[in-house]
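Residue strings, one per chain:
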Amino acid sequence: MPNSSAKSHRSQRGGQEAGRRELISRSLQSAQHCLEDQDFGTAYAHYLLVLNLAPELKTTVKETFQFTLFKWAEELDSLARIQDLFNCYEQALELYPSDEVICNSMGEHLFRMGFRDEAAGYFHKAVKLNPDFADAKENFYRVANWLVERWHFIMLNDTKRNLTYLKAIENVVRSGCKSVLDIGTGTGILSMFAKKAGAPYVYACELSKTMYELACDVVAANNMGSEIKLLHLKSLDIEIPKHIPERVSLVVTETVDAGLFGEGIVESLIHAWEHLLLQPKPKNQDIHIKDYGQVIPASATIFGMAVECKEIRRHHRVGTQEIAGVRLANSVQFFSPTCASVSSEETVEPYTTEKLSRVPGGYVPLTEPFQVMTVDFNNLQELKSLAARKPWKLSLPVTQGGILDAIVVWFVLQLDDEHALSTSPSEESCWEQAVYPVQDLPDYSMKTGDTVTMEVCCQDCYLKIQKISFWTSECGMDFSNRDDTLNLGNEAELCNALASLQTTSKQDGKGRVCVLESTETALLNNIPYHECFRAAIGKVLSSLNPSKDLQTMDVDGCGSGLNLQESQNKSSLDAAPDPLYVLDVSEGFSILPIIAGKLGSVKAYSSVEKEQHQTALNIISEANHFPKETLEFWLSHLEDENVVLQRPKSDKLWSIIILDVIETSGLIQQEVMEKAAISRCLLHSGGKIFPQYVLMYGMLVQSQSLLLESAVQGTEPTLGFNIAPFINQFKVPVRVYLDLSTLPCVPLSKPAELLRLDLMNPLLNSSSREVKVQICKSGQVTAIPFWYHIHLDDDHGLNTSDEFSHWKQAAVVLDKPIQVQLGDELVLDVQHHKSNISITAGTPSLLCFPQLQYSECGALSNLLIRSTGKCITSSSQLRRHLLQHLCGRCDAESNKLRIYHLNSKRTVCSAQNMCSRKMQHVKQRP
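Residues numbered from 1 in each chain as written. Predicted model: local features only at pLDDT ≥ 70, side-chain atom pairs only at ≥ 80, totals over all residues. Heavy atoms only, no water.

## With respect to a negative patch on the surface
Taken together, the side chains of E36, D37, D39 and E75 make up a negatively charged region of the molecular surface. Turning to its location among the elements, D39 is positioned in the loop between α1 (2–36) and α2 (40–53). On the accessibility criterion, D39 (33% relative accessible area) is partly exposed. (Patch = residues over 30% accessible without salt bridge, like charges linked within 9 Å, V, L, I, M, F, W, Y side chains within 5 Å. Areas by Shrake-Rupley, 256 points an atom, 1.4 Å probe, with all protein chains shown as cover. Salt bridge = Lys/Arg side-chain N within 4 Å of Asp/Glu carboxyl O. Lys, Arg positive; Asp, Glu negative; His and termini not counted. Charge placed at Lys NZ, Arg CZ, Asp CG, Glu CD. Helix = DSSP H or I, 4+ residues; strand = E, 2+ residues; numbered from the N terminus. Buried < 20%, exposed > 50% of the residue type's maximum accessible area, 1.4 Å probe, protein only.)

## Comments concerning the environment of S749
One can find S749 in the loop between β30 (746–747) and β31 (752–758). Looking at S749, the relative accessible area reads 3%, which means it is buried. Taking the C-alpha atoms as reference points, S749 and V701, separated by 48 residues in sequence, lie 7.2 Å from one another. Aside from chain neighbours lying at most four places away, what touches S749 is M699, L700, V773, Q774 and C776. (Contact = heavy atoms within 4.5 Å.)

## Brief notes about the packing of aromatic side chains
Overall, the coordinates contain 20 aromatic pairs when judged by the stated rule. An angle of 50° between the planes, with centres 5.8 Å apart, marks the rings of F193 and F721 as tilted. With F193 in helix α10 (residues 189–197) and F721 in the loop between α23 (704–710) and α24 (724–727), the pair connects residues that are 528 residues apart, well separated along the chain. Their ring planes at 80° and their centres at 6.0 Å tell us that Y351 and Y462 sit as a pair that is edge-to-face. Placement of the pair is Y351 in the loop between α14 (337–340) and β10 (352–354) and Y462 in strand β20 (residues 462–471), with a sequence separation of 111 residues. Look at Y351 and you get buried, because its relative accessible area is 2%. (Phe/Tyr/Trp six-rings, centres within 6.5 Å; stacked < 30°, edge-to-face > 60°.)

## What about α2?
Two residues of an α-helix separated by three or four positions point the same way, owing to the 3.6 residues in each turn. Taking 1.5 Å of rise per residue, the 14 residues of α2 would be expected to cover 20 Å, and the 20 Å separating its terminal C-alpha atoms lies within 8% of that figure. Every buried residue belonging to α2 is among F40, G41, A43, Y44, Y47, L48, V50 and L51, and all of these are buried. (Expected span 1.5 Å × (residues − 1).)

## Overview of the UniProt feature "repeat: TPR" (unreviewed entry) in the protein
This chain's UniProt record puts "repeat: TPR" (unreviewed entry) on residues 100–133. Across residues 100–133, helical content stands at 79% and strand content at 0%; the span's end C-alpha atoms are separated by 8 Å. (UniProt positions renumbered as here; feature names shortened; annotations may be inferred.)

## Let's talk about the packing of helix α3 (residues 58–78) against helix α5 (residues 100–112)
The N-to-C vectors of α3 and α5 enclose an angle of 10°; their axes lie 11 Å apart at closest approach. In terms of orientation, α3 and α5 fall into the roughly parallel class. Across the interface between the two elements, Q66, L69, F70, A73 and D77 from α3 touch V101, I102, S105, H109 and R112 from α5. Split into classes, the residues belonging to the contact of α3 with α5 amount to five nonpolar, three polar and two charged. (Axes fitted to C-alpha atoms, helices over the stretch in contact; angles between N-to-C directions. Parallel < 35°, antiparallel > 145°, perpendicular 65-115°, else oblique. Nonpolar A, V, L, I, M, F, W, Y, C, P; charged D, E, K, R; others polar.)

## Quick look at the environment of H232
Mapped onto the fold, H232 is located in the loop between β3 (228–231) and β4 (250–253). Placed 20 residues apart in sequence, H232 and Y212 show a C-alpha to C-alpha distance of 6.1 Å. Residues contacting H232, with those up to four places away along its chain left out, are E206, L207, S208, K209 and Y212. Engagement of the side chain of H232 in a polar contact is seen with the backbone oxygen of L207, the distance being 2.9 Å. (Polar contact = N/O pair within 3.5 Å; in protein donor to acceptor, adjacent residues only side chain to side chain.)

## Focus on the pattern of salt bridges
On inspection of all chains with the given rule, the structure shows 30 salt bridges. Across the salt bridge formed by R20 and E56, the nearest N and O atoms sit 3.8 Å from each other. Of this pair, R20 sits in helix α1 while E56 sits in the loop between α2 and α3, and the two are 36 residues apart along the sequence. Taking the shortest distance from any N to any O, the salt bridge between R314 and E311 comes out at 2.9 Å. One end of the pair is R314 and the other is E311, both in helix α13 (residues 310–316) and three residues apart, which spans about a single turn. Each member of the pair, R314 as well as E311, is classed as buried.

## Some thoughts on the packing of helix α6 (residues 116–129) against helix α7 (residues 134–147)
Running from N to C, α6 and α7 cross one another at 145°; their axes reach a closest spacing of 9 Å. Along this stretch, α6 crosses α7, giving a crossing that reads as left-handed. For the pair α6 and α7, contact is made by R116, D117, A120, F123, H124, A126 and V127 and by A136, K137, N139, F140, V143, W146 and L147, respectively. Along the lines of polarity and charge, the residues of the contact of α6 with α7 split into nine nonpolar, two polar and three charged. (Left-handed = near helix turned anticlockwise from the far one by under 90°.)

## Details of the sheet that holds strand β5 (residues 294–296)
The strands that make up a sheet pair up through hydrogen bonds in the backbone, lying either parallel or antiparallel. Pairing is parallel across the open sheet formed by five strands, whose spatial order is β3-β2-β1-β4-β5. Each having just a single partner strand, β3 and β5 make up the two edges of the open sheet. Across the sheet, the mean angle separating the axes of adjacent strands is 20° when strand polarity is ignored. Pairing geometry for strand β2 (residues 201–205) and β3, over four bridges, is parallel. From the neighbouring strand, Y203 faces β3, where its bridge partner is K229. Running at roughly 165° to β5, helix α9 (residues 159–173) makes contact with β1 (179–183), β4 and β5 of the sheet. (Pairing = 2+ DSSP bridges.)

## Quick word on the sheet that holds strand β23 (residues 602–606)
In spatial order, the strands read β24-β23-β22-β25-β26; together these five strands make up an open sheet with parallel pairing. Of all the strands in the sheet, just β24 (631–633) and β26 (683–690) have a single pairing partner and so form its edges. The mean inter-strand angle of the sheet, taken between neighbouring strand axes irrespective of direction, is 20°. The pairing of strand β22 (residues 580–584) with β23 spans five bridges and is classified as parallel. Of the residues in β23, the one forming a bridge with Y581 is K603. Sitting on the sheet, helix α21 (residues 611–623) touches β23 and β24, and the angle it makes with β24 is about 175°.

## A short note on helix α12 (residues 265–275)
Most of α12 is tucked away: eight of the 11 residues are buried. Along α12, the residues that are buried comprise I265, V266, S268, L269, I270, H271, A272 and W273. For α12, the secondary structure elements touched by its buried residues are β1, β4, β5 and α15 (380–388).

## Quick word on the side chain of S590
Within the element layout of this structure, S590 appears in the loop between β22 and α20 (592–597). According to the relative accessible area criterion, S590 is buried, its value standing at 5%. A distance of 2.7 Å separates the side chain of S590 from the side chain of D584, its partner in a polar contact. In this structure the side chain of S590 is engaged in a polar contact, spanning 3.2 Å, whose partner is the backbone nitrogen of L592. Sequence-distant contacts of S590, that is, excluding residues within four places in its chain, are made with D584, V608 and L617.

## A short note on the confidence of the model for the protein
On average, residues of the protein score 83 in pLDDT, and 79% of them reach the 70 mark or higher. Segment residues 547–574: pLDDT under 50, and 48 contacts once partners within four positions in sequence are set aside and those in other chains are kept. Per-residue pLDDT stays below 50 along residues 843–926; that stretch engages in 157 contacts with residues further than four places along the chain or on separate chains. (pLDDT = per-residue confidence, 0-100.)

## Topic: the nonpolar core
Grouped together as the largest cluster of nonpolar side chains are 145 residues, with contacts concentrated most on Y165, L260, F261, F377, I407, L413 and M454. A per-element tally of this core places α3 first, with eight residues. Excluding anything up to four places from it in sequence, F377 contacts L260, I265, L269, W273, V295, P297, A298, S299, A300, L383 and L413. Grouped together as the second largest cluster of nonpolar side chains are 93 residues, L523, L667, V672 and A810 included. (Core = buried A, V, L, I, M, F, W, Y, C linked by side-chain atoms within 4.5 Å.)

Here's what the structure looks like:
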């Protein structure tokens, strides 16, 4: 009987195992069928069952499981099923805890939902799991810019600023102050100053989770973890005795921005005086310091100056009424957000910022510096009265004739009676200046002796300077600082004064306000840009007007087209010619579709999203006598705004597609090569993508400024405190929004071509390249600034570094400077992944044969899914379907897309070989 019992158990186990295998097999089959039907949720459930029943299959199904997870997550996201989405990722990470791709994707979802701190954790984990994972690195760099703003590095490297704060804190603490609260502690450096000075009790608060955790690490590393109490709170939420036991003697803070009040220092200090600080010292009474409260900084004085500055002007005022043959309508008034904030109900920062000492072209002072106001941070009543104070007027004489472009503002921060910090443009400091652009005046030209007037107020926690105007010296007007009265002579003088008054005019009711970002205004002012596009667009449109014997335009890509010139010469009995289709998907406000519309029989589509911008473009079209149907807004035609690149109509293709390749920051746009891959499939025969190719140039420089702006340089600038290793975890290797013309640097080489991006011929592209650069001056290479030559075609190009450019430049900052000598040759390894540029110095190695970009494979995979309805779940399937479509034609039933054959069998074979080689290495996603 025992033997029969054992056999029974073995038979039972064998039956269970057979059943398990059968269930696994059926679940895998069901998952595959669900994927083919695009039922991603059910497919995901089947894969979860399979992986729990058969963990040994993790490697086998990993690629397809990732694909299913990502597709199901997208669906859950679109349905706002956020909790289900996160549950799916948690389940996936339990199965694949060391999968960098799943970690990175989880971070992307978190970041889109606004959970930046949590997203950074997943991106950081993905990078640790795979330091070469470019997607995760780029995501981490982008989120790092949000979490730890770049000014932290600049300020921590400002030794003068740090030393001045240290001395002021030491003075107070050594005079008897026993308790200190640091509001907005950042890295904790001011708290550590207080503890080093001998304060018995030190508290610090920080709202940002990332900065709070960083401060905890910094304080612990400097052996003060048990002596400084850190609070992850906004100071307005601190309660006594819940968070701190009693009122403190000293509040120290640097919650100030370029306009002084923009980080909420007034609100924070009002709350502190009312709830957290000991009472202030009564005037004319000698009380020991520990018995009353005080604030560092003690006070501030704000100064201003009227300036002429071409760079500020071209970013905030449209300076022409005609651009490349397009007349701007007088009824459209363009404003920058800073000026629009005056009448806006939303709280908008009423100024921009510039480091005037480095502004391209410099600036010219038109007045002497003048005092705008003072504020005593140790006077509660004065702080409370700021917001309630009525606007007051200032007037000041013009000392230098010129064009009134802006009022610039800076301040002197009086930390105590002995120590002060100035943010003046003439001072070498980490600070920028606040800039209030001047707009909407009939004339901006002033003469010596004229008077500039403005209105000042403190509203919504901001210093506002508005209603900036000027009047000429002949009229005899005088705005007093004390009231709003005008001291005028007789009636004739009053009439003359009113006639010559030049001030901000109100909307006349008929005009339309169009608010443009500063980069959009600079783009409108970039005349060479628009002239270049007009010439290149005209060239393509002319080439698509074939002779009479050619066929009319259809969509088969076999060289058919329209003879627009002949059509226009035919009698009115003939049918009107079909238009050529032009799509502009560049970001922001663009008049390129209107320029295209003036060059022939064109149907132009704009991708602008803002209703305000659409209204302005319609008015400009009418002013240029366009038929209504000439310009349309593409997004209003799309069911899914995420799929911008589609046919204009089911039976039509595009003649021109305009892509944004370079961000105004100086980086390459994300996924631009994917967009180019799809765009090539949507072009009419002879159609073009603009730009057709881009060349990236760079040079080697020695720049201490870039080092200081990119990472904390050891312990010397932070006065011996160990901060650098912690905050430098968030350093980003690429600095953006640079102006090379004013960047403090020493060139060590001539410009060299670093990279080519060909949007029309991807076989010429390579994601990596080695470049040999000759050293023309001895020194230390600390950075590699780069810029672009954008080629619309072989005859028309743009340089992103020229003086008219609306683009800024960027630079790769090296981890370790490289010492070079005149005549040396430095080999650079240039890597490009999406918008991320990686440049490292290394030894020469064999150049890789150009391969089909992985990003393009991903784009073609998505395109094939949309066009055929077939789900691509593996590299082999993608390769098989890709080759099928490359070698023939495929009707796209879902989106009416077609992929056309390449021009020669040789090209197809080359594409096959390279695609095959590339696919062997694709592991990031199916």
